[in-house]
Each structure stands twice: as structure tokens, then as C-alpha cells.
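Overview (structure and organization)
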Amino acid sequence: MNKDNKKVIYWLFTGCLLIFIMVVVGGITRLTHSGLSISNYKLISGTIPPTNDVEWQAAFDLYKQYPEYQKLNTHFTLQDFKDIYFWEWLHRVIGRLIGLVFFIPFVYFLIRKQLTKATIRKSIVLLGLGAFQGFLGWYMVKSGLVDNPDVSHYRLAAHLTTAFVTFAYTFWVALDLIFPNKKAINRTFRNVVRWAMAILLIQIIYGAFVAGLDAGFIHNHWPMMSEGKFMHDTVYIEQDPLYKNFIEGKSGVQFVHRLLAYVVVIFILLIWIKSKKMNLTTYQSKGITILLIMVGIQFLLGVFTIILQVPVWLGVCHQIGAFFLLSTLTFTLHRFSK
């Protein structure tokens, strides 16, 4: 029996698709402020939502005991609660489904001896990342159930970034099986692509900071952060020490997110320019071309998201753009790796 066959590749791509859907639904959950609607975590029984009026009222009464209702949503009706409950419930159900989709086929392939030792090791890492992601989801929600009716933006960033990293690694493992042979390339160029990947991941973290602090609802102008002023003139200094303004201050966090956007664009332009002087394979050339297109689209989505004050649909599109940009950069890096 062939090891690492097409079934294994389809399994990995199914995982990638589900993680993508998970991230999209998670973005909607955040943008609609639905993430704290389910305050008790039940791994098995929590899969089934309330099915009658009595159960819905009990869930609503439980929600009323926590800060989000008491400080922000005292005007909520039962129907309002049902609306936000849906997105958080869907987000959690998809998370459970992802766990099953990764674990059950892995055991099946293991029993059937359809995985090489290298793929087994990589799959165990994937399972570990998935478990850690589930823990971070619980840990994030917990931060919004004590005093402050909002989750910690640090925990939100950890939760979101781990999802992106898990997707990228799953995609990488699938690419290892699809392209077992790689073309050697000079180290300098490969390192530029690696730096682009590192900066993109930092940018994703800052995107989560912007979302967690609702920092996209201020400075809704471009290219300046405020009309008639340069960007650095409007980074409001609110906290001491100074550095905290760039990790906890709304103005400072948005400033860094904007600045990193330019850095990402510059690095990808550099990759494209340098690649023109190289003898590339078809996949390498296509990867860089799509990368250039995606960074342009993502940059424009970011600009319009700020200008239009983060409408839900555009905020989700911007997050999807980040997902596809990471996917393309992962593919490109893989094509230039040893």
C-alpha cells in the first residue's frame, strides 16, 4: 500500500479548508461582538444549542450574570441574544469538527500504515497545534468574563495567530507530499522570502491587536491618520512607559499596523524584483506573481476598511485577504526551500 497517497493530501486540504472557514466565522464573531455570548464551556453537550424557549431563557439568564450584559447590553432582548449566540456557537462547533477531522483520519491512516515516519511526526505537531488552539479559545473568552466586558487583545492575537500558523503548517505538510522534490535556490533570496513571512506574521498579530482594541474605528483617513496631519503627529501618547502606546494604545497600535503594511508591500516588491533576474520554475514564477497581486488587493482592502470605519463585511474580507496572502507566501516559500 502506498504511503502518503492522495487520500492523505485530501485529508490535509480538508483541514486547511475548515481552518479557513473557522477563521472567517471567528472574524464575524469578533466584528459582531458575539464572542462572549456563551459563558460556560461544555465540550460535548455544548454542541447542541438551546432547542426550546425554556433552554433559551436559561442561556440568556446565564449571559445576564456577566459583565458584557451588565455593562454594555442591558437593552438586549432574547432575540438580540439569539443573534450573537449563533455566531459564537457556530465558531465553537466548527472548532470541534476540525478536531475530529484531524484526529480520526490520522488514527485511520496510522492503523492502515499509510503515513511515512516524517508525515507521522508532522501530523502529531498538527494535532498539538489544534489542541493548543482550542485551549487559547477558552483562555481568550475567559478574559472577558471577569470585570472587563471584552476579551484581552493579547489573548485574541494568540488565538488568531495560532489559527493562521496551524493553517500554514498544514498547507506546508500537504505541499511536502505534492512536491517531494525541490529546486535548489540561493540562500540570500530564500532569506528575503523568510523575512517577508516573519513580518507578515507580525502584521497578522497587529491586525488582531487592532481588532481586539477596536482601534479601526479611529483615524479613519488615509494616507494620513487624521486630516491635515502626518501619521506620526497623531499617535496619541496615552500611557507610560512610551512603548505601551504601541501595544496597548488604540492610536499607536493602528499606527504600527499601517506602518507594517508598507513594510510587507516593500518586501514583496523586493522579492518580485529580485526574481526577475533568476531562472525560475513555473510554480515559483506563478507563486511570486500571485503574491504580488494578493498584497495589492490586501493593501487596498485595509485602506477601505479604515476609511469606511470597519463595516462587518469589509472587515471579514480584509481578514480573508490576510489568509490568502499568507497562503500564497507559504506556497512561494515552499517552492524556494531546500
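The rules behind the values
- Residues numbered from 1 in each chain as written.
- Predicted model: local features only at pLDDT ≥ 70, side-chain atom pairs only at ≥ 80, totals over all residues.
- Heavy atoms only, no water.
- Helix = DSSP H or I, 4+ residues; strand = E, 2+ residues; numbered from the N terminus.
- Rg over C-alpha atoms; globule rule 2.2 N^0.38 Å.
- Buried < 20%, exposed > 50% of the residue type's maximum accessible area, 1.4 Å probe, protein only.
- Areas by Shrake-Rupley, 256 points an atom, 1.4 Å probe, with all protein chains shown as cover.
- pLDDT = per-residue confidence, 0-100.
- Contact = heavy atoms within 4.5 Å.
- Phe/Tyr/Trp six-rings, centres within 6.5 Å; stacked < 30°, edge-to-face > 60°.
- Lys NZ or Arg CZ within 6 Å of the ring centre and 35° of its normal.
- Expected span 1.5 Å × (residues − 1).
- Core = buried A, V, L, I, M, F, W, Y, C linked by side-chain atoms within 4.5 Å.
- Salt bridge = Lys/Arg side-chain N within 4 Å of Asp/Glu carboxyl O.
- Patch = residues over 30% accessible without salt bridge, like charges linked within 9 Å, V, L, I, M, F, W, Y side chains within 5 Å.
- Lys, Arg positive; Asp, Glu negative; His and termini not counted.
- Charge placed at Lys NZ, Arg CZ, Asp CG, Glu CD.

Before going further, it helps to spend a moment on the overall build of the chain. Regarding its fold elements, the chain presents 10 helices and 0 strands. Going residue by residue from the N terminus, the α and β elements of the chain occur as α-α-α-α-α-α-α-α-α-α. By the compact-globule yardstick of 20 Å for 338 residues, the chain fits well, its C-alpha radius of gyration being 22 Å. A principal-axis box enclosing the C-alpha atoms of the chain has dimensions of 65 × 60 × 35 Å. Here the chain holds 338 residues, and 47% of them are scored as buried. Accessible area for the chain stands at about 17,300 Å²; split by element, carbon and sulfur atoms hold 67% of it.

Overall, the predicted model of the chain reaches an average pLDDT of 90, with 93% of residues at or above 70. Counting interchain partners and residues more than four positions distant, the pLDDT-below-50 stretch residues 227-233 has 10 contacts.

This brings us to the packing of aromatic side chains. On inspection of all chains with the given rule, the structure shows 32 aromatic pairs. The interplanar angle of 50° and the centroid separation of 6.2 Å between the aromatic rings of F13 and F171 together place this pair among those described as tilted. Of the two residues, F13 is situated in helix 1 (residues 6-31) and F171 in helix 6 (residues 153-178); the sequence distance between them amounts to 158 residues. Lying across the ring of F60, K64 places its NZ or CZ 4.5 Å from the centre. Looking at R335, its charged tip hangs above the ring of F179, at a distance of 4.2 Å from the centre.

What follows covers helix 9 (residues 282-307). Residues that lie three or four places apart on an α-helix share one face, since the helix turns once every 3.6 residues. Between the first and last C-alpha of helix 9 there are 38 Å, a value that for 26 residues agrees with the 38 Å anticipated at 1.5 Å per step. Every buried residue of helix 9 is accounted for by Q284, G287, I288, L291, M294, V295, Q298, L301, G302, V303, T305 and I306. The elements touched by buried residues of helix 9 are helix 7 (187-212), helix 8 (250-275) and helix 10 (312-335). Of the residues flanking the end of helix 9, it is Q309, one or two places downstream, whose phi is positive at about 65°.

Further remarks concern helix 7. Taking 1.5 Å of rise per residue, 26 residues should cover 38 Å, and helix 7 covers 37 Å from first to last C-alpha, within 8% of that figure. Two residues or fewer after helix 7 comes D214, characterised by a positive phi angle close to 55°.

Counting 68 residues, the largest nonpolar core has L12, F164 and L325 as its most contacted members. Only helix 1, helix 4 (78-111), helix 6, helix 7, helix 8, helix 9 and helix 10 provide two or more residues apiece to this core. Per element, the largest residue contribution to this core is 13 residues, and it comes from helix 1. Beyond its immediate stretch of four places on either side in the chain, L12 contacts L126, T170, V173, A174 and L177. Counting 11 residues, the second-largest nonpolar core is a separate cluster that includes W56, Y69, F76 and F81.

The next subject is the pattern of salt bridges. Overall, the coordinates contain 5 salt bridges when judged by the stated rule. Note that D150 and R30 form a salt bridge whose closest N and O atoms lie 3.0 Å from each other. Of this pair, D150 sits in the loop between helix 5 (117-142) and helix 6 while R30 sits in helix 1, and the two are 120 residues apart along the sequence. With a relative accessible area of 22%, D150 lands in the partly exposed category. In this structure, a network of salt bridges that share partners links the residues R30, D150 and D214.

Before going further, it helps to spend a moment on unusual backbone geometry. W222 connects to P223 through a cis peptide bond whose omega is 10°. Note on placement: P223 falls in the loop between helix 7 and helix 8. Even without glycine at this site, H219 takes up a positive phi of about 55°. Topologically, H219 is positioned in the loop between helix 7 and helix 8. The class for H219 is buried, based on a relative accessible area of 8%. At V310, a residue that is not glycine, the phi angle is positive and equals roughly 55°. Looking at the element boundaries, V310 is found in the loop between helix 9 and helix 10.

What follows concerns the environment of F171. By relative accessible area, F171 is classed as buried at 13%. Between the C-alpha atom of F171 and that of I124, which follows or precedes it by 47 residues, the distance is 15 Å. For F171, the contacting residues outside a window of four places in its chain are F13, C16, S327, T330 and F331.

Where like charges cluster on the molecular surface, the positive patch consists of K3, K113, K117 and R121. With respect to the helices and strands, the residue K3 is situated in the segment before helix 1.

Relative to the helices and strands, Q298 is located in helix 9. In this structure Q298 touches H318, G321, A322 and L325, once residues within four positions along its chain are discounted.

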